[in-house]
Number of protein chains: 2
Amino acid sequence: MKGEVAKEIAKDMREISVAEFFERNKHFLGYENPTKSLLTVVKEAVDNAIEFCCEAMIPPEIKVKVKPLGDNRFRIVVEDNGPGVVEEKIPYAFGKVLYGSRFHVLKQSRSLFGIGIKGACLYAQLTTGKPIKVESSTGKGRIHVYELMIDVTRNEPKIISHTTKENPGGKHGTKVELVVEGRYVSAGHSIPNYLKQTAMINPYAKIIFEGPDGKTVFERVTEEMPPPPKRIKPHPHGVELGVLRRMLFLTRERSLVSFLTKEFCRVGKTTAERVCRQARLPPSAKPQELSLTEIERLYRALQRAKVKAPPTDCLSPIGEKLLIEGLKKEVKPEFAVAVTRPPAVYRGIPFQVEVAVGYGGELPQENCLLFRFANKVPLFYHQGDCVITQAVKEVDWTRYGISQPKGQLPAGPLAILVHFASVWVPFTSEGKQAIAGYPEVLKEIKLALQEAGRKIKRYVRKKERMREMLMRKRMFERYLPVVAESLETLTGKGKEEILKKLEEMIRSREGERK
Amino acid sequence: MKGEVAKEIAKDMREISVAEFFERNKHFLGYENPTKSLLTVVKEAVDNAIEFCCEAMIPPEIKVKVKPLGDNRFRIVVEDNGPGVVEEKIPYAFGKVLYGSRFHVLKQSRSLFGIGIKGACLYAQLTTGKPIKVESSTGKGRIHVYELMIDVTRNEPKIISHTTKENPGGKHGTKVELVVEGRYVSAGHSIPNYLKQTAMINPYAKIIFEGPDGKTVFERVTEEMPPPPKRIKPHPHGVELGVLRRMLFLTRERSLVSFLTKEFCRVGKTTAERVCRQARLPPSAKPQELSLTEIERLYRALQRAKVKAPPTDCLSPIGEKLLIEGLKKEVKPEFAVAVTRPPAVYRGIPFQVEVAVGYGGELPQENCLLFRFANKVPLFYHQGDCVITQAVKEVDWTRYGISQPKGQLPAGPLAILVHFASVWVPFTSEGKQAIAGYPEVLKEIKLALQEAGRKIKRYVRKKERMREMLMRKRMFERYLPVVAESLETLTGKGKEEILKKLEEMIRSREGERK
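These numbers were taken from a predicted model, which means no experiment stands behind them.

Trainee: How would you sum up the interface of chain B and chain A? Please name residues and give values.
Mentor: Tallying the contact residues gives 81 residues for chain B and 81 residues for chain A. Together chain B and chain A conceal approximately 7100 Å² of surface at their shared face, both sides included; 56% is due to carbon and sulfur atoms. Linking chain B to chain A there are 16 salt bridges. Between Arg 300 of chain A and Asp 71 of chain B there is a salt bridge, with its nearest N and O atoms 3.4 Å apart.

The structure is reproduced here in structure tokens:
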């Protein structure tokens, strides 16, 4: 009887492909309602476009079209002037989940998972049955035009059509076109706001948006491209036992010492030999031949080894100047400060936190505005679940003259922008909308916020003092005529004259203070 | 030049296996810090154990051992008396991600993804390099003992050893053993609390826990097992265009009418023929031969078709009586109510919400306690991101005499338990710790909470009235001697006598009210 149940269960057992897994759980990727889904499709295409323009050091010019087709359907077209995709890779880059160029590369990147645009493709075929259309050119030869779907059962691209077009101008770039179900909104978590924030954090990008409400152009603020972040090798303090074991198994190096120096950053020959000694392993040992206990010893020796922090040119921060400019353009505060922290490290992974804080001006009086970014991509959803929000709440803003309900975000008129840059962002899910609460990350964000708080404190306090002074002055002015009258009685001088002199006095005092 | 960048990027492009993806993003599965990781390993093994016992209608007896091995390592052993796993399936059931028995089956289930225990296996080999050990018997033949690892690069099980043992008693069940890194805590989000809540929501389960602090036994409250939830076919209102297309392609049925009646629930011959007519398709059309436009017409006709809601015997609620018992056992309120709502449907998927609310007694005065469950599994983390929390906050508890800070959880002494049961739970991530905010789900949870609120209102108000009466009485008693003295002066009677009569009067009034 029990054996029968086991057999019944066994009959149901099978594998599903990762494409089918994400088709079923499309809300993991950001497709949980029509509004968010439409935004996610645009986001994935735009993030890719900017990412690869930056890699090629081309100031991005991105055209985004969202055209309603009726029946809750939209045609989305995103076109860039990037380096293009090599022809034979196009089907995989757009039609195979977990296929990408970023997995084995440690550097700051907008696309980490090899899921994004494939998720959009899955969503299109799920809701409208239409293939994704990709036009791409690397600047040489003809333009390749593919219509692609994903064979969900096997997670393989299905080429619906493949044609080519002439490319007399030698134009390069990629254009994707999708037809999806969705709902368009123009406020709040909307496509225009997403593009606005994207432009704010990528000031070298020009974004031209044609939506249901007309055309908007987000001009670039600078032509200067940041140097593309460099790739780094894993740091010995960041590797895990299981990964070390696989690295040892897969390496082409013949000896432990050359394995350590070639496969890790910050490990020279001396360090490598010291690590071997500590692990009681011969430097010439063959990496593939270590036993589990030997690997454990090696792992512990690596963890304890004194090595420099990883290089940080794998990171590409925005910088204080552009942060302030971006914030001012977006929300028009009367005063803004920014802090770019030096790079920090957790588990061998370098990361960097930047913060901008704006005060007063056109900011709403009631609520603090919070802008979150990870690797130059705006985070819109799951604010409550993000370590950035946690950090903002945990900082004591009253120290900086800003009121704050206990355990809540501080009160307005305040805008806070936080940018988290890292070679690996611990997103809470594939949808990449919130950062997980690693203690090292939380601490670093709080330090950045506190630094910005100290910078803005003097201004906030001065504003507060000026407000008080103004009130005192108004009060005094109100009583001036009465004072003048009394003085007339006392001194016998004309009250008009006295009033004039008193007013002069106030003006001169004001001048002094200024 | 641009072409060079495209080639460079192309060189980096490759596929990673879903096992490697989750190894890299293990925090998606709940492995983001040592405390949570240890809990997740236990949770995955225990959830599986209870799930398959229930499927076989065996009152579960689960033994859980957590043994510290030093150096932040723990040996975790979870043993059940379930139906066991068929021998040849063991390597896949424990060593291949996205392999499972639940994908193509629509019914309420604790395991949905085919990831859980494989994630634990990945985590073990990543942190300690040790294989998972599985002993299983279906009651017939010998006991099979496997040591398994996952070949991460290929997502295939790697059999380290396979032996058998005699099974003279014909014992059935599964025992898994893992060695992992972690941190053990005994309070808060801890293993003992997880097991306690698991026992509370599965009152027919006996759980024996041997941890670092000794042995605890959670006895079963009932021997009676709920009928195992039935599997259902997809409902025509729940299918998506892309899925319908694949179903048409993969079906063995020869005609559209037989496809519709066999592959969907609630579609009889008459309905099927009506759908075909509405879609302008011949009932005898071959499913595989429909064009995309024809499939679209069929899809729309299915969406519009008037069909009964899906059957709900695929659901297994806990019931009001056991909910109240569980809550009373766990937190000892002085009064508790429960509500099991009738099943509801979203996107063709049946689901059911149950709520229990406890008041007073040993509950903390300050904060409301919130217990969240999905398909009889406790949800511990990401409370802020869960639709259950959102629903509790959005209900106006002041209507029921309970104070509530604006937009927050209500205040104590209050405990709220919410159980969400469904054939498909929209978890926010693979870690299965929070439910996504689908509007239909939110609405139904709020209705259940409001119903419970109305039930508890009378009690809360009465308590409030009694408290007020008590205060009045105390006040009166305090002034009694003064009143008696005044009356003595007025009436000339002795004040002792008057005092006695007044006290008698109060007592009799009290008796009346009672």
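Trainee: How would you sum up the packing of aromatic side chains? Please name residues and give values.
Mentor: Evaluated as defined, the whole model comprises 28 aromatic pairs over all chains. On the basis of an interplanar angle of 10 degrees and a centroid distance of 3.9 Å, the ring pair of Phe 335 of chain B and Tyr 459 of chain B is categorised as stacked. A residue pair is termed long-range when its members are at least 10 positions apart, and Phe 335 of chain B in strand β11 (residues 335-340) and Tyr 459 of chain B in helix α13 (residues 439-491) qualify at 124 residues. The exposure class of Phe 335 of chain B is partly exposed, given its relative accessible area of 26%. Taken together, Phe 21, Phe 22 and Phe 28 of chain A together with Phe 21, Phe 22 and Phe 28 of chain B form an aromatic cluster joined through their ring pairs. The ring of Tyr 381 of chain A carries the charged tip of Lys 36 of chain A above its face, separated from the ring centre by 4.3 Å.

Trainee: Outline the relation of the copies chain B and chain A, supporting the account with residue identities and numerical values.
Mentor: By a simple turn and slide, chain B fits onto chain A: the slide is 0.2 Å along the axis, the RMSD is 0.4 Å, and the turn is 180 degrees. Expressed as an axis order, the relation between the two copies is that of a two-fold axis. Comparing interface residues between copies, 100% of those in chain B also lie at the interface in chain A; the contact surface is shared.

Trainee: Outline the pairing of strand β2 (residues 61-70) of chain B, supporting the account with residue identities and numerical values.
Mentor: Residues and elements named next belong to chain B. Pairing of β2 with strand β9 (residues 206-211), which is carried by 5 bridges, proceeds in the parallel orientation. In the sheet register, Lys 63 faces β9, and the bridge partner there is Ile 208. Here β2 pairs with strand β3 (residues 73-79) via 7 bridges, running antiparallel. Across the sheet, Val 66 pairs through a bridge with Ile 76, a residue of β3.

Trainee: An account of the confidence of the model for chain A is requested, with residue identities and associated values reported.
Mentor: All names here are of chain A. The predicted model of chain A averages 90 in pLDDT, with 98% of residues at 70 or higher. By mean pLDDT, the top-scoring element of chain A is strand β3 (residues 73-79) (98), and the lowest-scoring one is helix α14 (residues 495-513) (73). Interface scoring of the predicted complex returns ipTM 0.85; its pTM is 0.86.

Trainee: Tell me about the side chain of Ser 316 of chain A, and name the residues and values.
Mentor: Residues and elements named next belong to chain A. If you trace the backbone, Ser 316 turns up in the loop between α10 (292-304) and α11 (320-331). A relative accessible area of 6% places Ser 316 in the buried class. Excluding anything up to four places from it in sequence, Ser 316 contacts Gln 108, Pro 226, Pro 227, Pro 229, Lys 376 and His 419.

Trainee: Before we move on, could you go through a nonpolar patch on the surface and cite the residues and values that matter?
Mentor: Residue and element names in this part refer to chain A. Taken together, Met 475, Tyr 479, Val 482 and Val 483 make up a surface patch of nonpolar side chains, about 360 Å² in accessible area. Tracing the backbone through its elements, the reader meets Val 483 in helix α13 (residues 439-491). A residue is classified by how much of its surface remains accessible, and Val 483, at 33% relative accessible area, is partly exposed.

Trainee: An account of the environment of Ala 411 of chain B is requested, with residue identities and associated values reported.
Mentor: Residues and elements named next belong to chain B. Structurally, Ala 411 can be placed in the loop between α12 (387-394) and β16 (414-422). You can call Ala 411 buried: its relative accessible area is 17%. Put simply, Ala 411 and Cys 53 are 358 residues apart on the chain and 38 Å apart in space, counted from C-alpha to C-alpha. In this view, Ala 411 contacts Glu 366, Cys 368, Ile 402, Ser 403 and Gln 404; residues no more than four positions away in its chain are not counted.

Trainee: Run through the pairing of strand β6 (residues 143-151) of chain A, naming residues and quoting values.
Mentor: All names here are of chain A. Within β6, 8 of the 9 residues are buried, which leaves it mostly tucked inside the rest of the structure. Pairing of strand β5 (residues 132-138) with β6 involves 5 bridges; the strand directions are antiparallel. Paired with Ser 136 across the bridge in β6 is His 144. Count of turn residues in the β5/β6 antiparallel hairpin: 4 residues, of which Gly 139 carries a positive phi of about 100 degrees.

Trainee: A description of helix α12 (residues 387-394) of chain A should follow, citing residues and the corresponding values.
Mentor: All of the buried residues along α12 of chain A are Val 387, Ile 388, Thr 389, Ala 391 and Val 392 of chain A. Where α12 of chain A is buried, its residues meet β14 (369-374), β16 (414-422) and α13 of chain A.

Trainee: Quick one: what's the story with the sheet that holds strand β10 (residues 214-218) of chain A, residue by residue and with numbers?
Mentor: Residue and element names in this part refer to chain A. Taken in spatial order, the 8 strands make up an open sheet running β7-β6-β5-β8-β3-β2-β9-β10, and their pairing is mixed. Across the chains shown, the open sheet's two edge strands, defined by having one partner strand only, are β7 (156-165) and β10. When the angles between neighbouring strand axes are averaged without regard to direction, this sheet yields 15 degrees. Lying over the sheet, helix α5 (residues 116-127) contacts β3, β5, β6 and β8 (172-181), oriented at roughly 35 degrees with respect to β8.

Trainee: So what's going on with the sheet that holds β9 of chain B? Which residues, and what values?
Mentor: Residue and element names in this part refer to chain B. A sheet is described by the order of its strands in space; here 8 strands give the open sequence β7-β6-β5-β8-β3-β2-β9-β10, paired in mixed fashion. Of all strands in the sheet, those with a lone pairing partner are β7 (156-165) and β10 (214-218), marking the two edges. The mean angle between the axes of side-by-side strands here comes to 15 degrees, regardless of whether they run parallel or antiparallel. With 6 bridges joining them, strand β5 (residues 132-138) and strand β8 (residues 172-181) adopt antiparallel strand pairing. Paired with Thr 138 across the bridge in β8 is His 172. Packed on one face of the sheet, helix α6 (residues 191-201) meets β2, β9 and β10 and runs near 175 degrees to β9.

Criteria and cut-off values
Residues numbered from 1 in each chain as written. Chains lettered and ligands numbered in written order. Predicted model: local features only at pLDDT ≥ 70, side-chain atom pairs only at ≥ 80, totals over all residues. Heavy atoms only, no water. Contact = heavy atoms within 4.5 Å. Buried area = accessible area lost by both parts, 1.4 Å probe. Salt bridge = Lys/Arg side-chain N within 4 Å of Asp/Glu carboxyl O. Phe/Tyr/Trp six-rings, centres within 6.5 Å; stacked < 30°, edge-to-face > 60°. Helix = DSSP H or I, 4+ residues; strand = E, 2+ residues; numbered from the N terminus. Buried < 20%, exposed > 50% of the residue type's maximum accessible area, 1.4 Å probe, protein only. Lys NZ or Arg CZ within 6 Å of the ring centre and 35° of its normal. Least-squares fit on C-alpha atoms with pLDDT ≥ 70 in both. Pairing = 2+ DSSP bridges. pLDDT = per-residue confidence, 0-100. Patch = residues over 30% accessible without salt bridge, like charges linked within 9 Å, V, L, I, M, F, W, Y side chains within 5 Å. Areas by Shrake-Rupley, 256 points an atom, 1.4 Å probe, with all protein chains shown as cover. Axes fitted to C-alpha atoms, helices over the stretch in contact; angles between N-to-C directions.

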